[in-house]
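Summary of structural features
One-letter residues, chain by chain:
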Amino acid sequence: MTTPTIGVLAVQGDVREHLVALEAAGATGVRVRRPEEIEGIDGLVIPGGESTVMDKLVRTFGLHEPLRARLTGGLPAYGSCAGMIMLADRIADGRDDQQTLGGLDITVRRNAFGRQVDSFEADLHIRELGPEPMRAVFIRAPWVEETGAAVRVLARVESGPAAGRVVAVRQGNLLATSFHPEVTGDHRVHSYFVAMVRSA
Ligand SMILES: NC(=O)CC[C@H](N)C(=O)O
């Protein structure tokens, strides 16, 4: 696989920013909106947005089952923010009929940082990405409340009232961040994911 083809789930959310970041990280990014577009991809990015809407549209467009089938088959996937929620096996205080694609043995709490701190930025040190801190942008972000034994924690909030909260995880071929690396121009998370896709 010289240049991997990575699909960005394009039913809702900040799709364009991920396509740009994937190209910068050496992959070909394609929009995934129809079931037949799932077959040819080597990896999948689920963008930030609104997970309740994303879930409904994924089911309406007949994408839920084919996406689950590929994820179960080991397709590498990266979810940012709402995408993290879509990859989580469990949502804390889950209500209504919100479903996820699942695969990550985590419980996420939606809009976890509270109304006063709707959106904020913080520097994170992520060993896998090198010594330089990463500027992380959180927008009505979830955090990871529980992790199963197979889940590796990659980053935690480092200071302030939410210090210690888990905001980046990996489990096998699945990667998720609470924050939005696609909006900062720092493409290290996407490069890390592209490397995961290459070695899958
Ligand atoms: N920036 C985001 O993706 C926000 C996620 C949104 N709060 C949700 O619950 O889906």
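What counts, and where the lines are drawn
Residues numbered from 1 in each chain as written. Predicted model: local features only at pLDDT ≥ 70, side-chain atom pairs only at ≥ 80, totals over all residues. Heavy atoms only, no water. Helix = DSSP H or I, 4+ residues; strand = E, 2+ residues; numbered from the N terminus. Contact = heavy atoms within 4.5 Å. UniProt positions renumbered as here; feature names shortened; annotations may be inferred. Buried < 20%, exposed > 50% of the residue type's maximum accessible area, 1.4 Å probe, protein only. Polar contact = N/O pair within 3.5 Å; in protein donor to acceptor, adjacent residues only side chain to side chain. Near = heavy atom within 4 Å. Nonpolar A, V, L, I, M, F, W, Y, C, P; charged D, E, K, R; others polar. Core = buried A, V, L, I, M, F, W, Y, C linked by side-chain atoms within 4.5 Å.

Describing the environment of Ser119
Within the element layout of this structure, Ser119 appears in strand 7 (residues 119-124). For Ser119 and Phe138, which are 19 residues apart along the polypeptide, the C-alpha to C-alpha distance reads 5.3 Å. Apart from residues no more than four positions distant in its own chain, Ser119 is found in contact with Phe138, Ile139 and Arg140.

So, the UniProt feature "binding site: L-glutamine" (unreviewed entry) in the protein chain
Mapped onto the present numbering, the UniProt feature "binding site: L-glutamine" (unreviewed entry) falls at Gly49, Glu50, Ser51, Arg110, Ile139 and Arg140. Look at the named residues: they lie 92 residues apart in sequence, but the longest C-alpha span between them is just 12.8 Å, so in the fold they bunch up. Following the sequence through the fold, Glu50 ends up in the loop between strand 3 (43-46) and helix 2 (51-60). With near-sequence residues (within four places) excluded, Glu50 lies in contact with Gln12, Ala82 and Arg110. Within the element layout of this structure, Ser51 appears in helix 2. When sequence neighbours within four positions are dropped, the list of residues in contact with Ser51 reads Ala82, Ile85, Met86, Gln98 and Arg110.

Quick look at the UniProt feature "active site" (unreviewed entry) in the protein chain
Mapped onto the present numbering, the UniProt feature "active site" (unreviewed entry) falls at Cys81, His180 and Glu182. Spatial clustering of the annotated residues is evident: they stretch over 102 residues in sequence, but the largest pairwise C-alpha distance comes to 10.9 Å. Looking at the secondary structure, you find His180 in the loop between strand 12 (174-177) and helix 5 (188-199). In this structure His180 comes out as buried when scored by relative accessible area, which is 5%. Those residues within four positions of His180 in sequence are excluded, and the remaining contacts are Asp14, Gly48, Ser80, Cys81, Val137 and Ile139. Among the structural elements, Glu182 can be located in the loop between strand 12 and helix 5. A polar contact of 3.4 Å, which involves the side chain of Glu182, links it to the side chain of His18.

Quick look at the site of the ligand
As a structural note, the neighbourhood of the ligand is formed by Gly48, Gly49, Glu50, Ser51, Cys81, Ala82, Ile85, Arg110, Asn111, Ile139, Arg140 and His180. Taking Gly49, its main chain carries an N or O atom lying 2.9 Å from an oxygen atom of the ligand. Residue Asn111 places a side-chain N or O atom 2.7 Å away from a nitrogen atom belonging to the ligand. Taken together, the residues that form the shell around the ligand break down as 4 nonpolar, 5 polar and 3 charged.

Topic: the side chain of Asp55
With respect to the helices and strands, Asp55 occurs in helix 2. Given a relative accessible area of 2%, Asp55 falls into the buried group. At 2.8 Å, the side chain of Asp55 forms a polar contact with the side chain of Arg59.

As for the environment of Leu67
Turning to its location among the elements, Leu67 is positioned in helix 3 (residues 64-72). Accessibility expressed as a relative area gives 0% for Leu67, which makes it buried. Note: C-alpha distance between Leu67 and Leu9 (58 residues apart in sequence) is 9.8 Å. Setting aside residues up to four positions removed in sequence, Leu67 forms contacts with Leu9, Ile38, Leu44, Val58 and Leu101.

Regarding the nonpolar core
The biggest cluster of nonpolar side chains holds 36 residues, and the ones touching the most others in it are Phe138 and Phe179. Among the elements of the structure, strand 1 (5-9), helix 1 (15-24), strand 7, strand 8 (134-139), strand 10 (152-156), strand 11 (166-171) and helix 5 are those that each provide at least two residues to this core. Ranked by residue count, the leading element in this core is helix 5, at 6 residues. Here Phe138 is in contact with Phe113, Asp118, Ser119, Phe120, Ala122, Leu124, Val167, Ser178 and Phe179, once residues within four sequence places are set aside. In this structure, Ala82, Leu87, Ala88 and Val166 belong to the second largest nonpolar core, which totals 31 residues.

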